[in-house]
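Residue-level structural notes
So you can see what is in the structure, the chains are spelled out below.
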Amino acid sequence: MASLLLLRASLARRGAPLLSRQQGLGEPRRRASDDKSRPHASHFPAQAAPMLPPGTFAGKVAFVTGGGTGLGRGMVSMLSALGAQCVIASRKLDVLQQTAAEITAETGNKVHAVQCDVRDPASVKAAVDSAVEVAGLPQVIINNAAGNFVSPSERLSPNAWRTITDIVLNGSAFVTLDLGKRLIQAGKGAAFLAITTIYAESGSGFVVPSAAAKAGVEAMYKSLAAEWGRYGMRFNVIQPGPIRTKGAFSRLDPSGMFEEVMLDRIPVGRLGTVPEIANLATFLCSDYASWASGAVVRLDGGEYVSMAGEFNSLKQVSKEQWDMMETMIRKTKGS
Ligand SMILES: CCCCCCCCCC/C=C/CC(=O)SCCNC(=O)CCNC(=O)[C@H](O)C(C)(C)COP(=O)(O)OP(=O)(O)OC[C@H]1O[C@@H](n2cnc3c(N)ncnc32)[C@H](O)[C@@H]1OP(=O)(O)O
Ligand SMILES: NC(=O)c1ccc[n+]([C@@H]2O[C@H](COP(=O)([O-])OP(=O)(O)OC[C@H]3O[C@@H](n4cnc5c(N)ncnc54)[C@H](OP(=O)(O)O)[C@@H]3O)[C@@H](O)[C@H]2O)c1
């Protein structure tokens, strides 16, 4: 605890705002209803309604890994509202069954739950067999399942590395290869989507197995976009910025201490929302995006570019300081 308090002091010295006692270390994590959005976020309201016309996915089947919780659940909910029959696959059958029942009741379109550990090719095969049996071959496949936690890399055991890279990279590959081969065999096309992260592009310390695996998923999807277009398949990627889900925030910001830091570096001044990802995902998987393949779309309120630009911290310079700096710069003659 004492060393966490030192970390907090060090963040404050570097310009990160101090957290209030209520949201400090060791306190319970913030409730999802607490909104710390910055005032300018009011210019960027999050829309929750589906942007696609009703019935966009009527007669189609979607297979979504990790569809029982978080972003996966949000995508399934919107696909289902737009007419799709969905199959959701992950390890926890009870969670899947509850989500499936709730969404089916809301939309009137059947959601099926199948147990699957994406790390195990035999489990993937069994889950796809069940999905095909109950719903037929899918036209939409979303690789959304993931595992992650923050940790200094020197603390990672070989099994920790294997666990994350198996879920994220190998799991996405097993699902994609299994379904891809069946689709080729049947002469049918499909839209594949993978959910990665903004640091798949930059890399990031403290989540190194996830960064490496997500970068691998992006390389896989760009490669397959080139190779399997001839079979009627498209492959796209969404890189979400931070969106509050229990799965992500409990493992990446367990104390809640980094939320203020995150909000300050997101130009839009707020976290993303699940329906915003769902709207982009349903678009990319719909026929409205028939010409999109091999695309990697970032949806992060501007966080990535904000972290990347060397001079972006000059946002903190006041008008008076700018007057002074401009005078100094203008006075300089020659080099
Ligand atoms: C500046 C900070 C900003 C904060 C930003 C907030 C949000 C931004 C979001 C950005 C991106 C997010 C991308 C995501 O992927 S979020 C999705 C997260 N969701 C999940 O992870 C859900 C599923 N996760 C799990 O089931 C577990 O967490 C798991 C560990 C991934 C897998 O569970 P499983 O039961 O299979 O595994 P084990 O518990 O047996 O563990 C396997 C080995 O891993 C070691 N381990 C586990 N936890 C840790 C830890 N915290 N530190 C170090 N090592 C760990 C464990 O000991 C096992 O290894 P061993 O056998 O050698 O002991
Ligand atoms: N939330 C964010 O801020 C954020 C940002 C960037 C990217 N993402 C990405 O968005 C996706 C969804 O994340 P989330 O935030 O919604 O977190 P989440 O709720 O924890 O979702 C992860 C899902 O993966 C499933 N899963 C984990 N291991 C699995 C395995 N071995 N086999 C099958 N399924 C497995 C989990 O279900 P079970 O436990 O039932 O297996 C869970 O439903 C992930 O790809 C994540 O990397 C999230």
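The residue numbering used here restarts from 1 in each chain and proceeds along that chain's sequence as written. Lettering for chains starts from A, numbering for ligands starts from 1, and both go in the order in which the items are written. Note on the predicted model: pLDDT of at least 70 is required for a residue's local features to be given, and 80 or more for side-chain atom pairs to be given and counted; whole-chain, interface and lining totals, by contrast, use all residues. As a rule here, side-chain values cover all heavy atoms of the structure and leave hydrogens and water aside.

Glancing now at the overall build of the protein chain. Within the protein chain one finds twelve helices and seven strands. Here the protein chain holds 335 residues, and the buried ones make up 44% of them. Here, residues are in contact when the closest pair of their heavy atoms is within 4.5 Å. Sequence separation of at least 24 residues holds for 76% of the intrachain contacts in the protein chain that already meet a minimum separation of 6. Here the protein chain has roughly 17200 Å² of accessible surface; of this, 57% comes from carbon and sulfur atoms. Helical segments are the DSSP runs of H or I of at least four residues, strand segments are the runs of E of at least two, and each set is numbered from the N terminus. Exposed residues in this analysis have more than 50% of their type's maximum accessible area, buried residues have under 20%, and partly exposed residues fall in between, with area computed by a 1.4 Å probe over protein chains only. Only the protein chains shown count as cover for residues, and the accessible areas themselves come from Shrake-Rupley with a 1.4 Å probe.

This part covers the site of ligand 2. Thr69, Ser90, Arg91, Asn144 and Thr245 are the nearest of the 26 residues found near ligand 2. Contacts to ligand 2 include threonine 69, whose side-chain N or O atom sits 2.7 Å from an oxygen atom. Contacts to ligand 2 include aspartate 117, whose side-chain N or O atom sits 2.8 Å from a nitrogen atom. Burial of ligand 2 by the protein amounts to 90% of the accessible area it has alone, namely 870 Å². Elements represented by at least two residues in the shell around ligand 2 include exactly helix H2 (70-81) and helix H8 (246-252). Proximity is defined per residue: any heavy atom of the residue falling within 4 Å of a molecule or strand makes that residue near it. Polar contact is the term for a pair of N or O atoms within 3.5 Å; when the atoms are in protein, one must be able to donate a hydrogen and the other to accept it, and sequence-neighboring residues count only if both atoms are side-chain atoms.

Bringing the packing of aromatic side chains into the picture now. Two rings belonging to Phe, Tyr or Trp (six-membered ring only in the last case) form a pair when the distance between their centres is within 6.5 Å. Interplanar angles under 30 degrees mark stacking, angles over 60 mark edge-to-face geometry, and anything in between is tilted. Tallying each qualifying case throughout the model produces four aromatic pairs. Ring geometry for phenylalanine 192 against phenylalanine 235: centres 4.6 Å apart, planes inclined by 15 degrees, an arrangement best described as stacked. Highlighted residues: phenylalanine 192 in strand E5 (residues 190-195) and phenylalanine 235 in strand E6 (residues 233-240), separated in sequence by 43 residues. With respect to burial, phenylalanine 192 and phenylalanine 235 carry one shared label: buried.

Every one of the 23 residues lining ligand 1 counts as a neighbour, but Arg91, Asn148, Ser157, Asn159 and Arg251 are closest to it. Separating an oxygen atom of ligand 1 from a side-chain N or O atom of asparagine 159 is a distance of 2.8 Å. Mapped by element, the contributors of at least two residues to the shell around ligand 1 are helix H5 (158-186) and H8. Broken down by element, the residue count for the shell around ligand 1 peaks at five residues, all from H8.

Quick look at the pattern of salt bridges now. In the sections that follow, a salt bridge refers to a side-chain nitrogen of Lys or Arg positioned within 4 Å of a carboxyl oxygen of Asp or Glu. Scanning the entire structure with this criterion turns up 14 salt bridges. Across the pair arginine 119 and aspartate 117 runs a salt bridge whose closest N-O atoms are separated by 3.0 Å.

Another point: the sheet that holds strand E3 (residues 111-115). At least two DSSP bridges between two strands are needed for those strands to be called paired. Taken in spatial order, the seven strands of this open sheet run E3-E2-E1-E4-E5-E6-E7, and their pairing is parallel. At either end of the open sheet lies a strand with only one pairing partner, and these are E3 and strand E7 (296-299). Across the sheet, the axes of successive neighbouring strands diverge by a mean angle of 20 degrees, strand direction being ignored. Angular values range over 0 to 180 degrees, each being the angle between N-to-C directions of two axes fitted as lines to C-alpha atoms, with helices fitted over their stretch in contact. Against the sheet, helix H3 (residues 93-107) makes contact with strand E2 (85-90) and E3, and its axis sits at roughly 175 degrees relative to E3, the strand it touches most.

On to the side chain of glutamine 239, then. You can see glutamine 239 is positioned in strand E6. Note on glutamine 239: relative accessible area 1%, which makes it buried. A distance of 3.0 Å separates the side chain of glutamine 239 from the side chain of glutamate 201, its partner in a polar contact. In this structure, glutamine 239 is in contact with Thr196, Thr197, Ile198, Ala200, Glu201, Glu218, Val296, Val297, Arg298 and Leu299, ignoring residues within four places of it in sequence.

At phenylalanine 206, a residue that is not glycine, the phi angle is positive and equals roughly 75 degrees. You can call phenylalanine 206 exposed: its relative accessible area is 53%.

Note that lysine 92 resides in the loop between E2 and H3. Overall, lysine 92 belongs to the partly exposed group, its relative accessible area being 47%. Separated by 181 residues in sequence, lysine 92 and threonine 273 place their C-alpha atoms 24 Å apart.

To continue, consider a positive patch on the surface. A contiguous patch of positive charge on the surface is contributed by Arg91, Lys92, Lys246 and Arg251. Positionally, arginine 91 belongs in the loop between E2 and H3. The exposure class assigned to arginine 91 is partly exposed, which follows from its relative accessible area of 45%. Residues enter patches when their relative accessible area tops 30% and they take part in no salt bridge; the joining distance is 9 Å for like charges and 5 Å for the nonpolar side chains Val, Leu, Ile, Met, Phe, Trp and Tyr. Only four residue types enter the charge count, namely Lys and Arg as positive and Asp and Glu as negative; His and the chain termini do not. Lys charges are placed at NZ, Arg charges at CZ, Asp charges at CG and Glu charges at CD.

Turning our eyes to something else, we now look at helix H4 (residues 121-135). Each helix should span, by expectation, one fewer than its residue count multiplied by 1.5 Å. For H4, with 15 residues, the first-to-last C-alpha span of 21 Å sits near the 21 Å given by 1.5 Å per residue. Of the residues making up H4, those classed as buried are Ser123, Val124, Ala127, Val128, Ala131 and Ala135. Taken end-on, H4 shows its buried residues confined to a sector of 130 degrees, consistent with a single buried face. Turned more than 90 degrees away from the buried face of H4 sit Ala122 and Glu133, all of them exposed. Check the buried side of H4 and you find it contacts strand E1 (61-65), E2, E3 and H5. The residue sitting at the N-terminus of H4 and contributing the capping side-chain oxygen is aspartate 120; that oxygen lies 3.0 Å from the backbone nitrogen of alanine 122. Just downstream of H4, glycine 136 is the residue with a positive phi angle, here 90 degrees. This arc is taken over the directions from the axis of the helix to the C-beta atoms.

Taken by themselves, the reported measurements are silent on function.
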